[in-house]
Amino acid sequence: MKVFVMTDLEGPCQVNRWEQTRVSELTPAKQFAMTMLTAEVNAAVDGVLDVDPAATVVVWDGHGSGGIDNAQFHPQAWLLAHGRGIRAPYTLDESYDAQIFIGQHAMAGTPNAPLCHTYSSKTVEYYQINGQRLGEFGCRAYLAGAYGVPTVFLAGDDQASAEARALVPEIVTVDTKVGLGIELALHRPVAQVRSEIRAAVALAVRRRHDIAPAVLAGPYTMESRVLPDCSVDGYLGRNPAVKRLDERTVEWTVEHLSELWI
Ligand SMILES: [Zn+2]
């Protein structure tokens, strides 16, 4: 079995402040968040290995400034480490049997969802593909689905879990915390969260044949709106096909999801 693990730094237990995730330097607050994420990732890897000790588990450190503590990282998993120049599809292809999410947050604008955002917490108001409003979970679940890979598990705050179940009703989820605000959460007991992740990931990968890949038919029209006082010039400079719809909104169309920078 081969499993792709998507990771982010905003969703683990006991992470609920931007100062824990937004900084690029390794502050004590960020190091703590990385420790929490890495422990949840390691629990997920153990869950896969409980089902298939010979499994290949590939973990992508998907947080912009890096979220995995390499020194604490599971010694039996592969690591697509934080680096420069990473692009979709992040080594995803048809060889994978399942995708799982650890440390996920909800899409920008979700009420009571700690650290919710869509790709850039500083610039993006929303992403919409073929008329469907999507967060990072939705974009990457569809990206994996384009390679026939089902998304079977998510660990994150309760709003991230709800967002996942809305798109993939059969997905197995573990809530790490209850969201109370953009920088506020009631965190579940750490030991309980980690043991639940291990057991639930095992259950989810066993069910992989019963969970359909999330598939969106192409071509794909992306509409992106930036936050007030942010510029769309970055989009216009990246691709000549990008059209400006208004001061804050752009749109462009591609044939494959991997071309959408998601
Ligand atoms: Zn994110």
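Residues numbered from 1 in each chain as written. Predicted model: local features only at pLDDT ≥ 70, side-chain atom pairs only at ≥ 80, totals over all residues.

This part takes up the sheet that holds strand β2 (residues 56-61). Pairing in this open sheet of 7 strands is mixed, and the strands run β3-β2-β1-β4-β7-β8-β9 from one edge to the other. On the outer flanks of this sheet lie β3 (78-80) and β9 (184-187), each paired with one strand and no other. Pairs of neighbouring strands in the sheet enclose a mean axial angle of 25°, with direction left out of account. Strand direction decides the pairing type here: strand β4 (residues 98-104) and strand β7 (residues 151-157), joined by 5 bridges, are parallel. (Pairing = 2+ DSSP bridges. Helix = DSSP H or I, 4+ residues; strand = E, 2+ residues; numbered from the N terminus. Axes fitted to C-alpha atoms, helices over the stretch in contact; angles between N-to-C directions.)

This paragraph deals with the packing of helix α1 (residues 28-51) against helix α4 (residues 190-206). Each pair of packed helices can be summarised by the angle the axes make with each other and by the distance between the axes. Where α1 meets α4, the axes come as close as 7 Å, and the angle between the chain directions of the two elements is 40°. It follows from the interaxial angle that α1 and α4 lie oblique. Crossing geometry of α1 relative to α4 is assigned as right-handed. Between α1 and α4, the residues in contact are A39, E40, A43, A44, D46, G47, V48, D50 and V51 and R194, I197, R198, A199, V201, A202, V205 and R206, respectively. In terms of residue class, the contact of α1 with α4 is made up of 10 nonpolar, 1 polar and 6 charged. (Parallel < 35°, antiparallel > 145°, perpendicular 65-115°, else oblique. Left-handed = near helix turned anticlockwise from the far one by under 90°. Contact = placed C-beta atoms within 7 Å. Nonpolar A, V, L, I, M, F, W, Y, C, P; charged D, E, K, R; others polar.)

Turning our attention to the environment of T110. Turning to its location among the elements, T110 is positioned in the loop between β4 and β5 (124-129). Assessed through the 20 C-beta atoms surrounding it within 10 Å, T110 is described here as buried. Distance in space between the C-alpha atoms of T110 and V57 is 31 Å, their sequence separation being 53 residues. Sequence-distant contacts of T110, defined by excluding residues within four places in its chain, comprise C116 and Q159. (Buried ≥ 20, exposed ≤ 12 C-beta atoms within 10 Å, placed from the backbone.)

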